[in-house]
Amino acid sequence: MKSITDDLYESFKKNLESVNGNCMRTPKAELGKVITELFKEHNVDSISLFESPMLKEAGVISSLQQNGITVHTDHIRLHAETDKGGLSEAQHGIAELGTIVQEQDDVDGRIVATMSEYYIGVVKGSTIVPTYDDMFDILSGMKKIPNFVGFITGPSRTADIECVGTVGVHGPIEVSIVIVDDE
């Protein structure tokens, strides 16, 4: 497994920030601390979290709970609407777009990324590809495509017929992506 290069990271970060997203990079050992600090900075005290092996290994839940943040990992449909924060791991990223890609069979994984006001997506650096076409090569090579494949690029935005833009109508108002360096 190769780690993300500095150039690929900088490309991802620049493109995500160009659509008002926030990006940072951390080793897995610091992941719990980084995520806790982000939620604290945004005054988030209750989150819905879709667990993944990496989030478990990094001790993210215990870090959040030790810092007074309520974490819901089950019955997410009941909590996601009132939890101000959401956290999940994405399976891929696309540097040229500053986009993370969710590949989920479980509906809770999707809800976490769309229902919260402030969403943090976590992605391994080695799973970030340079281009959109590279991502479709990966998807087309899968033996079975997941029930849901979602591309998340910054905060939700939409515009009406007069081209008046609004942020956060169909998803998060703010998005941060944390890229985890592979060990």
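Structure: above.
Described in the following lines is the structure provided in the data block. (Residues numbered from 1 in each chain as written. Predicted model: local features only at pLDDT ≥ 70, side-chain atom pairs only at ≥ 80, totals over all residues. Heavy atoms only, no water.)

1. Regarding the sheet that holds strand 6 (residues 99-104)
One open sheet holds the four strands; their spatial order is 8-5-6-9, and the pairing between them is mixed. Each having just a single partner strand, strand 8 (128-129) and strand 9 (148-152) make up the two edges of the open sheet. Summarising the sheet, strand 5 (residues 92-94) and strand 6 pair through three bridges and their orientation is antiparallel. Directly across from H92, in strand 6, lies its bridge partner V101. (Pairing = 2+ DSSP bridges. Helix = DSSP H or I, 4+ residues; strand = E, 2+ residues; numbered from the N terminus.)

2. Observations regarding the side chain of S46
Relative to the elements of secondary structure, S46 occurs in strand 2 (residues 46-49). A polar atom in the side chain of S46 sits 2.5 Å from the side chain of D83. Contacts of S46, omitting those with residues within four sequence positions, involve I69, T70, H72, D83, K84 and G85. (Polar contact = N/O pair within 3.5 Å; in protein donor to acceptor, adjacent residues only side chain to side chain. Contact = heavy atoms within 4.5 Å.)

3. So, the pattern of salt bridges
Opposite charge on two side chains lets them pair, provided their charged atoms get close. Per the stated rule, a full pass over the model turns up five salt bridges. Two residues, E57 and K28, come together in a salt bridge whose shortest N-O distance is 2.6 Å. Of the two residues, E57 is situated in helix 3 (residues 53-57) and K28 in the loop between strand 1 (22-27) and helix 2 (31-41); the sequence distance between them amounts to 29 residues. For E57, a relative accessible area of 57% puts it in the exposed group. Taken together, the salt bridges that share partners define one network made up of D6, R25 and D181. (Salt bridge = Lys/Arg side-chain N within 4 Å of Asp/Glu carboxyl O. Buried < 20%, exposed > 50% of the residue type's maximum accessible area, 1.4 Å probe, protein only.)

4. A short note on the sheet that holds strand 4 (residues 85-89)
The strand order across the open sheet formed by six strands is 1-12-7-4-2-3, and the pairing between neighbours is parallel. Looking along the sheet, the strands with just one partner apiece sit at the ends: strand 1 and strand 3 (70-72). Averaged over neighbouring strand pairs, the angle between their axes works out to 25° when direction is ignored. Alignment of strand 7 (residues 118-124) against strand 12 (residues 174-181), held across seven bridges, turns out to be parallel. Its bridge partner being in strand 12, I120 is matched across the sheet by S176. (Axes fitted to C-alpha atoms, helices over the stretch in contact; angles between N-to-C directions.)

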